[in-house]
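Commentary on secondary and tertiary structure
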Amino acid sequence: MNEHGAAGTAGPIGILGGTFDPVHAAHLRIAQLALDVLRVTQVLWIPTGRPGYRDAPVAGAAHRVAMLRLALAGEPRYTIDERELAPGASGYTVDTLAALRAELGAQLPLVLLMGDDQFAKLDGWHRWRDLFALAHIAVFARPGEDLPPSPAVAEEGAARGDRANGAWRRHAAGAVIRVEMPPLAVSATDLRERVAQDEDLSAWLPAPVIDYIARHGLYQDS
Ligand code: ATP
């Protein structure tokens, strides 16, 4: 294995980026479905830094990574990749994917995992069309996010839709794969508010993450 744990992996690799502020049940469900349904051999969890183009996360990077470690413990197919937290990282997914592609070679299928909400506004991402040359995109339904994708994204999605049931596996990149997911009405924003109100969040957060949040007094002002 290299420092990112990916070398020597024979099958497709799933990539799940997010603020993970905190990591919650929907993130874990997406990664589990990537293993079970897409049959990726590994999921790289990539916490975002604080690039200027989006709001800064509430918890610092060290806390978010610590919570990820607690939530992912025990699943050897999960790896945390901290490259977007490095000083000077652009934070753009296209740059992260290009770096992974350079490390892992041209042939290995990479699958970028994301919720509907992110896919719908993909055309706002830096160099978004280049993403399809670097990875497949797997889209997971998110309740309450029934806004249609922008016309340009809808068009790409339709043209790249993986109708042939797994045909994407024969290619390194370029397909849009819809994955059925039982709806999970949860967001980190909502959970942060509920932490501040001292609600029981055991349905949405792993117990060690709940303990960590309490121990460090995170999200009390949310
Ligand atoms: P916030 O509320 O702080 O914006 P979030 O809950 O959306 O956070 P992120 O860490 O930003 O969490 O999300 C990482 C990825 O997980 C994104 O692709 C997002 O679409 C997806 N995701 C998060 N929650 C859900 C959900 N309930 N259902 C489906 N996908 C989700």
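In what follows, the structure referred to is the one given above.
Residues numbered from 1 in each chain as written. Predicted model: local features only at pLDDT ≥ 70, side-chain atom pairs only at ≥ 80, totals over all residues. Heavy atoms only, no water.

1. Re the packing of aromatic side chains
Quick note on the threshold: Pairing of aromatic rings covers Phe, Tyr and Trp, the last counted by its six-membered ring, and requires centre-to-centre distances within 6.5 Å; plane angles under 30 degrees mean stacked, over 60 mean edge-to-face, and any other angle means tilted. Whether a residue is buried, partly exposed or exposed follows from its accessible area with a 1.4 Å probe, protein chains only, as a fraction of its type maximum: under 20%, in between, or over 50%, in that order.
Here the structure, examined in full by the defined rule, presents three aromatic pairs. Centroid distance Trp-128 to Phe-132: 6.3 Å. Interplanar angle 75 degrees. Geometry classified as edge-to-face. The class of Trp-128 is buried, set by a relative accessible area of 10%. Look at Phe-132 and you get buried, because its relative accessible area is 4%. Ring pairing ties together the aromatic residues Phe-20, Trp-45 and Tyr-78, which thus form one cluster.

2. Quick notes on the nonpolar core
Condition: Take the buried Ala, Val, Leu, Ile, Met, Phe, Trp, Tyr and Cys residues and link them wherever side-chain atoms come within 4.5 Å; each set so joined is a nonpolar core. Here a strand is any run of E in DSSP of at least two residues, a helix any run of H or I of at least four, and the numbering for each starts at the N terminus.
Core analysis: the largest hydrophobic core is formed by 43 residues, its most contacted members being Leu-38, Val-43, Trp-45 and Leu-113. It is helix α1 (residues 25-36) that contributes the most residues to this core, eight residues altogether. Leu-44, Leu-110, Val-139 and Val-153 belong to the second largest nonpolar core, which has 23 residues in total.

3. Some details on the packing of helix α2 (residues 61-72) against helix α8 (residues 207-216)
Applied cut-off: Throughout, an axis means a line fitted to C-alpha atoms (over the contacting stretch in the case of helices), and angles, computed between N-to-C directions, take values from 0 to 180 degrees. Roughly parallel means an angle under 35 degrees; roughly antiparallel means over 145; roughly perpendicular covers 65 to 115; every other angle is labelled oblique. Here is the rule for handedness: rotate from the far helix to the near one, and if that takes an anticlockwise turn smaller than a right angle the crossing is left-handed, while a clockwise turn gives right-handed. Residue contacts are counted whenever heavy atoms from the two residues lie within 4.5 Å of one another. Each residue is assigned to one of three groups, with Ala, Val, Leu, Ile, Met, Phe, Trp, Tyr, Cys and Pro labelled nonpolar, Asp, Glu, Lys and Arg labelled charged, and all others, Gly among them, labelled polar.
Axis separation between α2 and α8 bottoms out at 8 Å; the angle between their running directions is 150 degrees. Judged by the inter-axis angle, α2 sits roughly antiparallel to α8. The way α2 lies across α8 gives a crossing that is right-handed. Where α2 approaches α8, its residues Ala-62, His-63, Ala-66, Met-67, Leu-70 and Ala-71 are matched on the opposing element by Pro-208, Val-209, Tyr-212, Ile-213 and His-216. Within the contact of α2 with α8, the residues separate by chemical class into nine nonpolar, two polar and no charged.

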